[in-house]
Amino acid sequence: MMNCSNIDTGNSRLRHLFSSSFVMMFLGGTLLAVSNGRWIFPLLVWIAPILLMRSFRSSRQLWKAILGLWTVFCVATPVAWFGLWPFPPLVMAKIVTLGSVWAVMPYLVDRLVLGRLPSPVQCVVFPSAVVAIEFTRSLSTHSTWGNLAYTQTENLPLLQFASISGIWGISFLILLLAPIANSLWSANAASRGTALRQLAAYGALLAAVLVYGRARMTLSPPNGNHLRAAMISPPELMALDSEESILLFQNFQKVFTKQAVDTETLDCVTSSFAEIEDELFGAIEMQAQAGAEVIVLSEAALISFSESHDQALVTRAQQLAKTQGIYLGLAIAKVPSNPGEKNENRLLLVDPSGAIVQTYWKHQTIPVVEEPYSVPGSADPLAYHTDKSVFGGVICYDLDSPRYLQGAGAKGIDVMLAPTGDWPAIKDIHARMATMRAVEQGFSLLRPANHGISLAVDYQGRTCGRMDHYTASDYQLASLVPRKGVTTIYTKLGDILPWMCVIFSLFAIGTSALKNQWTWRSLF
């Protein structure tokens, strides 16, 4: 005969196991590690904060909850972002350690005000704190890597919300689900009605955002006036798949990082890069003859090692643009062999007359890897008015900063030229980040990416053309994009939402502290 008491005991233990803060933290950390960064599963991004908050709120001792959650972030972050950040191990350790402290803070704020504020206000504290911290950190780092909004770019109706609020509104919406779900999870008979009403209100808000997105795509799609464009990347030189390519990479790194090299080494590097120049100019000519009106090269597609070499490449490009009657986005890096001269990562816009009408220097060089060896960048995105469109220009990492790209929206840029250089681990997430900028600022995007995903995207985030460097054969992508952009609400309002989150977070913490007379013992 089956022993019913044993069954009851087993069920009780099972319920206790799945209600324990440790299990919730482990599950949340696991989802955290595989939902953003190297692996992106959009749905898991919504679930992970729910489990982490459940664990943090239910832990009996706050210091254990803080230490446990900080450990989870310290473990999950390197797993999620392994290979994506090109920094030395010590720099990575510092980023992860301090970043995990910041990641714990919103959960701590949520717990400190728990039960001390009205329930509807309480639900807004957590997403506001996350947005406030991420936004204020982006002001100094000029980067928004890791923002949850980038995981949702395939959801086009939701993506349209970025045209109003930028990435901050989308991440706020994702994070708002965590406190609402936890309120329902922990509700008793007396509070369940309130929790259900909050969930219904959240559902209505999410539905409104999706309806707006679908309406924007349906009622105001891009018109039929399109620009024929082409993007070109250089053939593979430093694939690191042979002793010869590894040696070339190592020698180039010496020149790039301003180390002294002998004449033989320098000749080896310059001659190797010279071999692809004819191929690149031939590809430009071919795409022009196929009807391209504007052609853009990927970041540092051409590299010069002396002033005379640089001038020869620029002159050749000018003559080709004039002969073919095209606009040419010439991405050419100057890497002087003289250790006393800094590198220049540039985008030159050549018009159909062969004149250089704009020169842009990469604004945000990569810290540690690129910044110490490069000249200061341009203060604003490139902008050039033609009779049909306004062309803009930035380079690679510049697209990571919504704040910097607000200058593009203010200038009314229609088509953004964005030469990029990536590596395998970041190619997908970096392409998502670039797509978000197009929707925020209302421009079409031409993003040729060496060692990455080349993209042509319209101002509503639709992919007009896509090429993976690692599966392509000729590294050329031709596409049609809208000739005209649009003015978005985000362009006009800017970062009003994250600033509101900063103010609200400070207000909620201050009000709760004064009202309830916090003491160290009462908190811990």
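Going by the structure above, here's the rest.
Residues numbered from 1 in each chain as written. Predicted model: local features only at pLDDT ≥ 70, side-chain atom pairs only at ≥ 80, totals over all residues. Heavy atoms only, no water.

*Asks:* I keep staring at the packing of helix H15 (residues 402–410) against helix H16 (residues 427–441) and nothing clicks. Help me out?
*Replies:* Helix packing geometry: the angle between the two helix axes and the distance between the axes. Running from N to C, H15 and H16 cross one another at 45°; their axes reach a closest spacing of 10 Å. Looking at the two axes, H15 sits oblique to H16. In the packing of H15 onto H16, the handedness of the crossing is right-handed. Listed contacts from H16 to Pro402, Leu405, Gln406 and Gly409 of H15 are Arg437, Glu440 and Gln441. (Axes fitted to C-alpha atoms, helices over the stretch in contact; angles between N-to-C directions. Helix = DSSP H or I, 4+ residues; strand = E, 2+ residues; numbered from the N terminus. Parallel < 35°, antiparallel > 145°, perpendicular 65-115°, else oblique. Left-handed = near helix turned anticlockwise from the far one by under 90°. Contact = heavy atoms within 4.5 Å.)

*Asks:* Looking at this structure, how should I read unusual backbone geometry?
*Replies:* Backbone geometry follows two general trends: most residues other than glycine have a negative phi, and most peptide bonds adopt the trans configuration. In the Ramachandran plot, Ala300 falls in the positive-phi region, its phi being about 55° despite a non-glycine side chain. Despite not being glycine, Cys396 has its phi angle at roughly 45°, a positive value. Of note, Cys396 is situated in the loop between strand E8 (390–393) and H15. When its relative accessible area of 4% is taken as the criterion, Cys396 is described as buried. (Buried < 20%, exposed > 50% of the residue type's maximum accessible area, 1.4 Å probe, protein only.)

*Asks:* Just checking my understanding: could you explain helix H2 (residues 21–35) for this structure?
*Replies:* In an α-helix, one turn spans 3.6 residues; hence positions three or four apart end up facing the same way. An ideal rise of 1.5 Å per residue puts 21 Å on 15 residues; H2 measures up with 21 Å between its terminal C-alpha atoms. Regarding H2, the residues found buried are Val23, Met24, Met25, Gly28, Gly29, Leu31, Ala33 and Ser35. Directly beyond the C-terminal end of H2, a positive phi value near 100° is found at Gly37. (Expected span 1.5 Å × (residues − 1).)

*Asks:* I tried to follow the packing of aromatic side chains on my own but got confused; where do I start?
*Replies:* Describing an aromatic ring pair means giving the distance of the ring centres and the angle of the ring planes. Per the stated rule, a full pass over the model turns up 12 aromatic pairs. Relative to Tyr107, the ring of Phe56 has its centre 6.3 Å away and its plane inclined at 50°; by these criteria the two rings are tilted. With Phe56 in helix H3 (residues 42–58) and Tyr107 in helix H5 (residues 89–112), this residue pair connects regions lying 51 residues apart in the sequence. The exposure class of Phe56 is buried, given its relative accessible area of 1%. Given the relative accessible area of 6%, Tyr107 is considered buried. (Phe/Tyr/Trp six-rings, centres within 6.5 Å; stacked < 30°, edge-to-face > 60°.)

*Asks:* Looking at this structure, how should I read the sheet that holds strand E9 (residues 415–417)?
*Replies:* Across a sheet, paired strands are connected by hydrogen bonds in the backbone, their directions being either parallel or antiparallel. On the basis of which strands lie adjacent, the open sheet formed by six strands has the order E7-E8-E9-E11-E13-E14 and mixed pairing. Lying at the two open borders of the sheet, with one neighbouring strand each, are strand E7 (382–385) and strand E14 (463–468). Within this sheet the neighbouring strands show an average axis-to-axis angle of 20°, counted without direction. Of the strand pairs in this sheet, E9 and strand E11 (residues 444–447) are connected by three bridges, and their pairing is parallel. Following the sheet pairing, Leu417 is matched in E11 by Leu446. (Pairing = 2+ DSSP bridges.)

*Asks:* How do you make sense of the pattern of salt bridges when you look at a structure like this?
*Replies:* In a structure, side chains of opposite charge can pair up when their charged atoms sit close to one another. Counted under the stated rule, the structure contains 16 salt bridges. By sharing partners, the salt bridges in this structure join Glu299, Lys362 and Glu370 into a single network. (Salt bridge = Lys/Arg side-chain N within 4 Å of Asp/Glu carboxyl O.)

*Asks:* I tried to follow helix H10 (residues 192–219) on my own but got confused; where do I start?
*Replies:* For H10, which comprises 28 residues, the first-to-last C-alpha distance of 40 Å matches the rise-based estimate of 40 Å (1.5 Å per residue) to within 8%. Within H10, burial applies to Ala195, Gln198, Tyr202, Val209, Gly213, Arg216 and Met217. In this structure, the buried residues of H10 make contact with H3, helix H6 (119–141), helix H7 (156–159), helix H8 (162–165), helix H9 (167–185) and H16.

*Asks:* What should I look at first to understand the side chain of Asp110 in this one?
*Replies:* With respect to the element layout, Asp110 can be found in helix H5. Among the polar contacts made by the side chain of Asp110, one reaches the side chain of Arg57 at a distance of 2.8 Å. The residues touching Asp110, leaving out its near neighbours within four places in the chain, are Met53, Arg57, Gln122, Val125 and Phe126. (Polar contact = N/O pair within 3.5 Å; in protein donor to acceptor, adjacent residues only side chain to side chain.)

Limitation: the analysis is restricted to geometry and does not speak to function.
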